[in-house]
Each structure stands twice: as C-alpha cells, then as structure tokens.
Amino acid sequence: MREETSAAEEATRRLRGDVLCLTLAPGEAVTERSLETTYGVSRTVVRQALTQMIYEGLVQRTQRGYVVAPFDFDELRELFAYRDVVEEAGVRLACQLAEVSELDAIQAEIDAGLREFTPEGWMEIGLDFHVRVAGLSRNRFLQAAVQEVTTRTIRARWLAISAGSGSQVTHDEHTEILRRIRLKDEDGAAEAVRAHAREVHEQVRTAIEASRRFLGRRSVVGSCS
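It should be emphasised that the depicted structure is a prediction, and the values quoted were computed from it without experimental measurement. (Residues numbered from 1 in each chain as written. Predicted model: local features only at pLDDT ≥ 70, side-chain atom pairs only at ≥ 80, totals over all residues. Heavy atoms only, no water.)

Draft legend 1. Examining the sheet that holds strand β3 (residues 65-68) more closely. Spatial strand order, β1-β3-β2: 3 strands in an open sheet with antiparallel pairing. Of all the strands in the sheet, just β1 (29-30) and β2 (59-62) have a single pairing partner and so form its edges. As paired strands, β1 and β3 are joined by 2 bridges and run antiparallel to one another. Residue pairing in the sheet places V30 in a bridge with Y66 of β3. On top of the sheet, helix α3 (residues 43-55) reaches β2 and β3; it is set at about 110 degrees to β2, its chief contact. (Pairing = 2+ DSSP bridges. Helix = DSSP H or I, 4+ residues; strand = E, 2+ residues; numbered from the N terminus. Contact = heavy atoms within 4.5 Å. Axes fitted to C-alpha atoms, helices over the stretch in contact; angles between N-to-C directions.)

Draft legend 2. Molecular detail of the pairing of β3. Taken together, the 4 bridges between β2 and β3 define a ladder with antiparallel strand orientation. Directly across from R61, in β3, lies its bridge partner Y66. In this antiparallel pair of consecutive strands, β2 and β3, the connection spans 2 residues.

Draft legend 3. Quick look at the pattern of salt bridges. All told, the structure shown has 22 salt bridges when counted by the stated rule. Several salt bridges share partner residues, and in doing so they unite E88, R92, E186, D187, E191, R194 and R198 into one network. (Salt bridge = Lys/Arg side-chain N within 4 Å of Asp/Glu carboxyl O.)

Draft legend 4. Layout of α3. Compared with an ideal rise of 1.5 Å per residue, which puts 13 residues at 18 Å, α3 spans 18 Å between its outermost C-alpha atoms and is within 8% of the ideal. By the burial criterion, the buried members of α3 are V45, V46, A49, L50 and M53. Taken end-on, α3 shows its buried residues confined to a sector of 135 degrees, consistent with a single buried face. Once α3 finishes, G57 follows within two positions and takes phi at roughly 80 degrees, a positive value. (Expected span 1.5 Å × (residues − 1). Buried < 20%, exposed > 50% of the residue type's maximum accessible area, 1.4 Å probe, protein only. Arc of directions from axis to C-beta.)

Structure, rendered in structure tokens:
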C-alpha cells in the first residue's frame, strides 16, 4: 500500500510539473493510457494523480476523458475576489496574534528567495508565504482557504513568474504586509494584502493574454476585461 501511495505522489508531482511548465498545454486532451506509458505507472496510480490534478484545477474531466484545464479569466476573477476576503480576515487576526519570531522567520525566507532567485523556488516561497501568514491567524479554516485559493492559481502564477514578472515588487509587497502585521496595523495590513493581490492579478492577466499567441485558441477561456 505504501509503495502505491509513493508511486501516486511521484506521478502527481510529475504530472503537475508537466502541466505547470506547459509540456502539457492548456486545452490539450490527455488519456490514462498515455500517462501510464509516459510515467511508467499503473492505471490506478494514474487515476489517483488525475484526481488530485482535478482538485487543483489543473485538469478537467470530460465525456471523452480528460483535458488540461484552459486558463479561465472568469474563474481567476472569482478566485482573486475570494482571496481578498479570506486573506484580509487572516491578516487582521495575525496582527493580534503573531509572534515576532514567526514574522522574522517568514521575512528571512522571502529575503533568501530573492537573493537566490529561480522561478521554481520563487513560486514555492511566494505561495508558502501566503499560507504561512494565514497560519498566523491561528485559524485552521482560514489557512485552508488560503491554501486552496493559492493552489487554484498556481499555474497562472507560474506563467507570470516564468515571464519575469516582478520578483522585486513581490518581495517588497510581502515585506510591507509583514511590516504592517508587526505594527499591529489591521487596516494597513488588510490594504497591503489587497494591493498585493491586485498586482498579482494584473501580472497573471497580462501573462495569460500574452501566451495566447503560442498556446492556441483552446488555451484560454472567458474575458480578460
């Protein structure tokens, strides 16, 4: 059982990587048989990996099988609106409850990520930042909500980061959020979170729009306006 679980985790990691780096393009059909061959695993393991990718919003089930989810502007607008609500609630509680040592640890991590920048490392740190800040609220449901919304935007964020969108700006905005939490400035922290989300949303929108040229018409749905 443990061997099967490990195989599913590895297949999920590889499938996620192929979707994120666009080896499997948005709108592209995939089959269980082709993934069995590509990853050298059983049909059961492939199905487990696909189930996880559906949960993360990276793959969709169709009547004929599976398709790599296209970028969806309408979904992204909803996700960022939801993110505003849950992240604001989280940082307001963080202002009341966070320890200085916790804030120092998060700051050290984002500083190190800027000095040693790679797209992969920066994306991981950036997503983890939001989940860790939400964790300072001491509310596991808020943290889970932030985890879900960042997971659902991970591929679009990867596209923006790969295009070189604003690592220094992102670092500065993360630092400002932490600074406001240190000051126990709830309104300031909430505004800093909203401003950062607006910047990320614009980076993502621009990166997706630019990708239409090489990804094809099936890669993007919804309206960018």
